[in-house]
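# Observations on chain architecture
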Amino acid sequence: MMQYDVKSYIAKQSSTAVNYRTRLKGITVTSATVSARNIAVADPTVVLSGTWSRSGTLVTVTIANNGLSNGDRVFLDVATGTTMRDGVYDVSNATQNTFTVTSATSGTANGTVDVYTHLYLELDTYNTIGLPVKIPGEGILCENGIFVGVGSSVTATIFYG
């Protein structure tokens with residue numbers, strides 16, 4: 001039997017696609033460049049806001065009582081400070097109020113950031129050809145909706161319902 005209630009949303013920048021309970025059915029990711037890029041699909045209600053500062057490739061994120069541990073994966077949605085890429089990062093050197101990540105770019109900069117800590121799905125892309133991913137069964141249950149975090153030069157089309 002064919003499913004008739006599947007909807008789609010195209011994300012060209014990080015944003016909340018759906019703000020209600022739904023199931024993620026699939027995703028197609030396309031990069032505008034042939035280099036490493038990534039995306040994440042996350043719970044839009046589990047987000048922390050703070051600041052970041054970079055020295056070289058080491059980025060320190062400051063968020064009081066962040067609850068993160070070394071090895072956690074997070075999506076950084078950079079609000080200000082244009083030289084830092086949105087993307088999925090590994091948490092290291094976690095303390096109660098700070099953690100570090102390693103940036104693909106180098107330099108000295110700072111700004112503000114939203115950190116999505118409950119990732120449903122993450123994908124890497126290295127190609128300008130769209131990467132379609134079908135999620136088996138009923139899909140991934142997204143109790144509080146769907147945030148689509150896209151890195152620089154990435155477009156993601158999600159399918160949900």
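Below is a short write-up of the structure.

How each quantity is defined
- Counting from 1, residues in each chain are numbered in the order their sequence is written.
- Per-residue local features are limited, in this predicted model, to residues with pLDDT of at least 70; the limit for side-chain atom pairs, both in listing and counting, is 80 or more; totals at the level of whole chains, interfaces and linings are taken over all residues.
- To get the side-chain values, take all heavy atoms of the structure and skip hydrogens and water.
- Only centres within 6.5 Å qualify two rings of Phe, Tyr or Trp (six-membered ring in Trp) as a pair; their planes then separate them into stacked at under 30 degrees, edge-to-face at over 60, and tilted for everything else.
- A helix here means a DSSP run of H or I that spans at least four residues, while a strand means a run of E at least two residues long, and both kinds are numbered starting from the N terminus.
- When a residue's accessible area, from a 1.4 Å probe over protein chains only, is under 20% of the maximum for its type it is buried; when over 50% it is exposed; and in between it is partly exposed.
- In this analysis, two residues are considered to be in contact whenever any of their non-hydrogen atoms come within 4.5 Å of each other.
- A strand pair is defined by DSSP finding two or more bridges across the two strands.
- As a rule, the C-alpha atoms of each element are fitted with a line to give its axis, helices using only the stretch in contact, and angles between N-to-C directions run from 0 to 180 degrees.

### Describing the packing of aromatic side chains
Summed over the entire model, instances satisfying the criterion amount to 2 aromatic pairs. Where Tyr 116 meets Phe 147, the ring centres are 3.7 Å apart and the plane angle is 10°; that geometry is what we call stacked. Here the residue Tyr 116 occupies a position in strand β8 (residues 98-116), and Phe 147 occupies one in strand β12 (residues 146-150), the gap between them amounting to 31 residues. The two residues Tyr 116 and Phe 147 agree in class, both being buried. Pairwise contacts between aromatic rings join Phe 75, Tyr 116 and Phe 147 into one cluster.

### Here we look at the environment of Ile 10
Within the element layout of this structure, Ile 10 appears in strand β1 (residues 7-11). Separated by 58 residues in the primary sequence, Ile 10 and Leu 68 have C-alpha atoms spaced 30 Å apart. When near neighbours in sequence (up to four residues on either side) are disregarded, Ile 10 contacts Thr 155, Ala 156 and Thr 157.

### Details of the environment of Ala 104
Examined against the element boundaries, Ala 104 turns out to sit in strand β8. Taking the C-alpha atoms as reference points, Ala 104 and Ala 36, 68 residues apart in sequence, are found 9.5 Å from one another.

### Side note on the sheet that holds β8
Across a sheet, strands are paired by hydrogen bonds formed along the backbone, either parallel or antiparallel in direction. Taking strand neighbours across the sheet as the criterion, the 4 strands line up as β5-β8-β6-β7 in an open arrangement whose pairing is antiparallel. The open sheet has two free edges, formed respectively by β5 (47-62) and β7 (87-90), since each of these has just one partner strand. Strand-to-strand twist in this sheet, taken as the mean axis angle between neighbours without regard to direction, amounts to 45°. Sheet topology places strand β6 (residues 73-78) next to β7; 4 bridges connect them, and they run antiparallel. Residue Arg 73 lies in a different strand from β7, and its bridge partner there is Asp 90.

Any functional reading would require information beyond the geometric quantities listed.
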